[in-house]
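One letter stands for each residue in the lines below.
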Amino acid sequence: MTDLLTPELLDALETKFSAEKENRQLSWLERSRYNLEVMKFRDALRRSEQQVQAEHIKLRKQHEQKFISIRKIMMRQRHQTWEEITQDFRRQYAAIPQDDEEAKTEFMLMLYNKYCLSPTLIGNIMNKPSKTVWLWLEEWAFENEQLKG
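Conventions adopted
- Residues numbered from 1 in each chain as written.
- Predicted model: local features only at pLDDT ≥ 70, side-chain atom pairs only at ≥ 80, totals over all residues.
- Heavy atoms only, no water.
- Axes fitted to C-alpha atoms, helices over the stretch in contact; angles between N-to-C directions.
- Helix = DSSP H or I, 4+ residues; strand = E, 2+ residues; numbered from the N terminus.
- Parallel < 35°, antiparallel > 145°, perpendicular 65-115°, else oblique.
- Contact = heavy atoms within 4.5 Å.
- Nonpolar A, V, L, I, M, F, W, Y, C, P; charged D, E, K, R; others polar.
- Left-handed = near helix turned anticlockwise from the far one by under 90°.
- Phe/Tyr/Trp six-rings, centres within 6.5 Å; stacked < 30°, edge-to-face > 60°.
- Buried < 20%, exposed > 50% of the residue type's maximum accessible area, 1.4 Å probe, protein only.
- Salt bridge = Lys/Arg side-chain N within 4 Å of Asp/Glu carboxyl O.

**Looking at the packing of helix α2 (residues 28-78) against helix α3 (residues 82-95)**
Consideration 1: Running from N to C, α2 and α3 point in directions that differ by 95°, and their axes come no closer than 10 Å. Judged by the inter-axis angle, α2 sits roughly perpendicular to α3. Contact with α2, carried on its side by Phe 67, Arg 71, Met 74, Met 75 and Arg 78, involves Trp 82, Ile 85, Asp 88 and Phe 89 of α3 and no other residues of that element.
Consideration 2: By residue class, the composition of the contact of α2 with α3 is 6 nonpolar, no polar and 3 charged.

Structure representation (structure tokens):
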């Protein structure tokens, strides 16, 4: 976001705030310049957000395609229906002790990373709302980015 703060925008902001501090009105030219720079900033910010959202959608679609492929492979290898496979995952989760948060975390990450299950399906298996799973996965990804950086 700091790359969106152009020198022109910072200069226009400084002019506006100094005028406010001096209790004077901005001239027509200063006000027009300020409005133009703010408009440019908002447009750049909107484009940046749209680009991030498009990238996020692309990654989700790739994840979905992986899941579909892995699901087909698992069904062929295990000679089971998808319902039987999810029941097996539920049994595995139920076998984890209630107080073992680390094992639960590892299980959730295994479902997401190895089997490419969606947070909705993980929530269904673990009996948690999908939003909770989404938030947890995002938090985990953020923490890991912090550790890498």
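**Thoughts on the packing of helix α4 (residues 101-114) against helix α5 (residues 119-126)**
Consideration 1: Where α4 meets α5, the axes come as close as 10 Å, and the angle between the chain directions of the two elements is 140°. When the axis of α4 is compared with that of α5, the two are oblique. Handedness of the crossing formed by α4 with α5: right-handed. In this structure, α4 contributes Lys 104, Phe 107, Met 108, Leu 111 and Tyr 112 to the contact, and α5 contributes Pro 119, Ile 122, Ile 125 and Met 126.

**Some details on the packing of aromatic side chains**
Consideration 1: By the definition in use, this model includes 3 aromatic pairs.
Consideration 2: With a centroid separation of 5.6 Å and 75° between ring planes, the pair formed by Phe 67 and Trp 82 is classed as edge-to-face. Of this pair, Phe 67 sits in helix α2 while Trp 82 is found in helix α3, placing the two residues 15 residues apart along the sequence. For the residue pair Phe 67 and Trp 82, the accessibility class agrees, reading buried in each case.
Consideration 3: Centroid distance Phe 89 to Tyr 115: 5.1 Å. Interplanar angle 55°. Geometry classified as tilted. Here Phe 89, found in helix α3, pairs with Tyr 115, found in the loop between α4 and α5; they are 26 residues apart in sequence, far enough to count as distant. Summarising the burial analysis for this pair, Phe 89 and Tyr 115 share the class buried.

**Focus on the pattern of salt bridges**
Consideration 1: Taken as a whole and assessed by the stated rule, the structure comprises 8 salt bridges.
Consideration 2: A salt bridge links Glu 22 to Arg 24, with the shortest nitrogen-to-oxygen separation between them at 2.9 Å.
Consideration 3: Between Arg 78 and Asp 88 there is a salt bridge, with the nearest N and O atoms lying 3.5 Å from each other. Of this pair, Arg 78 sits in helix α2 while Asp 88 sits in helix α3, and the two are 10 residues apart along the sequence.
Consideration 4: Owing to a relative accessible area of 23%, Asp 88 belongs among the partly exposed residues under this scheme.
Consideration 5: A single salt-bridge network, built from bridges that share partners, covers Glu 22, Arg 24 and Glu 30.

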